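Chain by chain, the residues run as shown.
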Amino acid sequence: MGSSSSSYAPKTIYLDVDGKVQRVIFSPHCNYHLKSVSDRLFSCFYRNTAILLIDSEGAMISIDPTMPANTPNNLYKVMPHSTNQGGGMETIKEDMFQNVLSQVAEQFSRAFRINELKTEVTNRLAMLEKRVELEGLKVVEIEKCKNDLKKLRDEMTSRGGVRVNCNCKYNFTDDGKKLSPRRDVPSYPKYTLSQETIEALKKPTFDVWHWEHNEMLSCLEYMYHDLGLVKEFNINPITLKRWLLGIQENYRDNPFHNFRHCFCVSQMMYGMIHLCNLQERLTMTDMCILMTAAVCHDLDHPGYNNTYQINARTELAVRYNDISPLENHHCAVAFQIISMPECNIFANVEPDSFKQIRQAIITLILATDMARHGEILDSFKQKVDNFDFTNEEHVKCLKMVLIKCCDISNEVRPTEVAEPWVDCLLEEYFIQSDREKSEGLPVAPFMDRDKVTKPTAQIGFIKFVLIPMFETVMKLFPQIEEIMVQPLRDSRDHYEELKQIDDAISGLVSRMQIRRCKFQKG
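- An unreviewed UniProt entry annotates the protein chain as Phosphodiesterase originating from Cyprinus carpio carpio.
- Recorded in UniProt for the protein chain, the comment headed Pathway (unreviewed entry) runs: "Purine metabolism; 3',5'-cyclic GMP degradation; GMP from 3',5'-cyclic GMP: step 1/1."

**Looking at the pattern of salt bridges**
So, point 1. Counted according to the given criterion, the structure contains 17 salt bridges.
So, point 2. For the salt bridge of Glu-221 with Lys-241, the shortest nitrogen-to-oxygen distance reads 3.3 Å. Of this pair, Glu-221 sits in helix α5 (residues 213–226) while Lys-241 sits in helix α7 (residues 237–249); the two residues are 20 residues apart in sequence, bridging distant segments of the chain.
So, point 3. Exposure remark for Lys-241: the relative accessible area of 5% places this residue in the buried category.
So, point 4. The closest approach of N and O atoms between Asp-434 and Arg-449, which form a salt bridge, is 2.7 Å. Residue Asp-434 is located in helix α17 (residues 415–438), and its partner Arg-449 is located in the loop between α17 and α18 (454–476); the two are separated by 15 residues in the primary sequence.
So, point 5. For Asp-434, a relative accessible area of 31% corresponds to the partly exposed category.
So, point 6. Bridged by salt links that share partners, the residues Glu-419, Asp-423 and Lys-454 form one connected network.

**Here we look at the confidence of the model for the protein chain**
So, point 1. Averaged over every residue, the pLDDT of the protein chain is 82; residues scoring 70 or more account for 72%.
So, point 2. Predicted confidence for residues 1–8 stays below pLDDT 50, and this span has 12 contacts to residues more than four positions away or in other chains.
So, point 3. Here residues 159–178 is modelled with pLDDT under 50, and outside its nearest four sequence neighbours on either side it reaches 52 contacts, counting other chains as well.

**A short note on the packing of α5 against helix α8 (residues 259–275)**
So, point 1. Put simply, α5 and α8 touch, their axes get as near as 11 Å, and they point 30° apart. Judged by the angle between their axes, α5 and α8 are roughly parallel. Taken as a pair, α5 and α8 cross one another with a handedness that is left-handed. Contacts from His-213, Met-216, Leu-217, Cys-219, Leu-220, Tyr-222, Met-223 and Asp-226 of α5 reach α8 at Phe-259, Arg-260, Phe-263, Ser-266, Gln-267, Tyr-270 and His-274.
So, point 2. A class-by-class count of the residues in the contact of α5 with α8 yields 9 nonpolar, 4 polar and 2 charged.

**Section: the environment of Ile-198**
So, point 1. Looking at the secondary structure, you find Ile-198 in helix α4 (residues 195–201).
So, point 2. Classification of Ile-198 as buried rests on a relative accessible area of 12%.
So, point 3. Between the C-alpha atom of Ile-198 and that of Tyr-222, which follows or precedes it by 24 residues, the distance is 8.8 Å.
So, point 4. If near-sequence neighbours (up to four positions away) are discounted, Ile-198 is found in contact with Leu-193 and Tyr-222.

**What to know about the UniProt feature "binding site: Zn(2+) 1" (unreviewed entry) in the protein chain**
So, point 1. Within this numbering scheme, the UniProt entry marks His-261, His-297, Asp-298 and Asp-407 as carrying the feature "binding site: Zn(2+) 1" (unreviewed entry). Sequence-wise these annotated residues cover 147 residues; spatially they are packed, their C-alpha atoms never more than 10.0 Å apart.
So, point 2. The residue Asp-298 is located in the loop between α10 (284–296) and α11 (306–311) in this model.
So, point 3. With a relative accessible area of 5%, Asp-298 lands in the buried category.
So, point 4. Once residues lying within four places of it in the same chain are set aside, the contact partners of Asp-298 are Tyr-251, His-257, His-261, His-330 and Asp-407.
So, point 5. On the secondary structure map, Asp-407 appears in helix α16 (residues 392–407).
So, point 6. In this structure Asp-407 touches His-261, Val-265, His-297, Asp-298 and Thr-368, once residues within four positions along its chain are discounted.

What counts, and at which threshold
- Residues numbered from 1 in each chain as written.
- Predicted model: local features only at pLDDT ≥ 70, side-chain atom pairs only at ≥ 80, totals over all residues.
- Heavy atoms only, no water.
- UniProt positions renumbered as here; feature names shortened; annotations may be inferred.
- Salt bridge = Lys/Arg side-chain N within 4 Å of Asp/Glu carboxyl O.
- Helix = DSSP H or I, 4+ residues; strand = E, 2+ residues; numbered from the N terminus.
- Buried < 20%, exposed > 50% of the residue type's maximum accessible area, 1.4 Å probe, protein only.
- pLDDT = per-residue confidence, 0-100.
- Contact = heavy atoms within 4.5 Å.
- Axes fitted to C-alpha atoms, helices over the stretch in contact; angles between N-to-C directions.
- Parallel < 35°, antiparallel > 145°, perpendicular 65-115°, else oblique.
- Left-handed = near helix turned anticlockwise from the far one by under 90°.
- Nonpolar A, V, L, I, M, F, W, Y, C, P; charged D, E, K, R; others polar.

Spelled out as structure tokens, the structure:
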């Protein structure tokens, strides 16, 4: 990146001082050759006399860095403009010339100070560009990012760093938080992914419990770069960072439906894209829709499910007429974030294309409502035996099933990774059921802490929901059997064994209690 200092090359000015020709040379640093000319200047002007320069046509010449150079045949006449008649006549010729030079030098010095400031700003921008490039900016034009950074700095200056809160939030619980996008350049530490981590990210066995939020953000950022989405949709990497931060900040700290669950679902989607070779069968737009829907699918989840929303007649249920109130809310928050220029990862997408992407993301997020599970799976079963990747309806149905698989895929993971999620889900269920009891609302048996156990909670879900859905997907992608379907079967067997143990213990306890009663009576 070049400097603009070349516009201030040395300049020679020829002056007519009291009938004598004098040459003055100004360099970019105002190192004018004073001694070489001052000894030859003579004047009868007063010490405090202001100086005017007049060209050969009688026009006044402004004394500044832009004054045009002249020749010995076209002199600038130095004219006194007296401002003080006191003190008598002085004939100190060098003082007059010092006055001329000091005025011109002052103008040049001021200009060069501005130029030095511009150079400093340019250098700082260059450093920022280099840092951003190291974090993955190679796919975006450096000049464009520089302009974005400049706009960002100007916006921060003009707004004084104030963040704007989104007024779309429905705070129907006391712990609701405001949507606050990041207007500053994201500052979360860049986590350098090892090759081992990069390979692990592509597999369902990935352990999501070992990662801090900053590391999960970096992993999500990597996925968008690795799938080519940043390049394909010309996403500014800084905007991608801001968007991901906005996403993370708008997942609540629920036991289950939190940012780690968002990452878990997104990582599983990324893994299925690789495992099923979807990049070879679907479009880049489809890839973007799948990943973005996974990232956004539970935004601002309050920790209370649709049944509670409807039975309690919450503001969300009223707003969405009892039709998938949570999923509709997730969509609304997702696009409220994207509507902010600093978080708009689709800023460079054509309006018609964005409309298509938006509608598809909404369709996928709404498909995560388990009330629609049977409807969606039945539709996919009708298509899977003669599936056509060129048929839009077939592909749309596949994407809906894929996000459903990822959303409830915890049992696909190793037991040590999956089982803690069961504890988190039951904790969230128990919080809801306790509240339902206190408010006199119906309580689902599978959420009642007095009735449900971990094995009973999981066996039916795995046998009648997970395995049938994944086995249907396996017809289209046989490669998932060993890596995804078999772990589900193993998990089913694991919980059935636990249930047998629980039943045996319960039976033993019951028999002991009966014997104790008989003994006491006898």
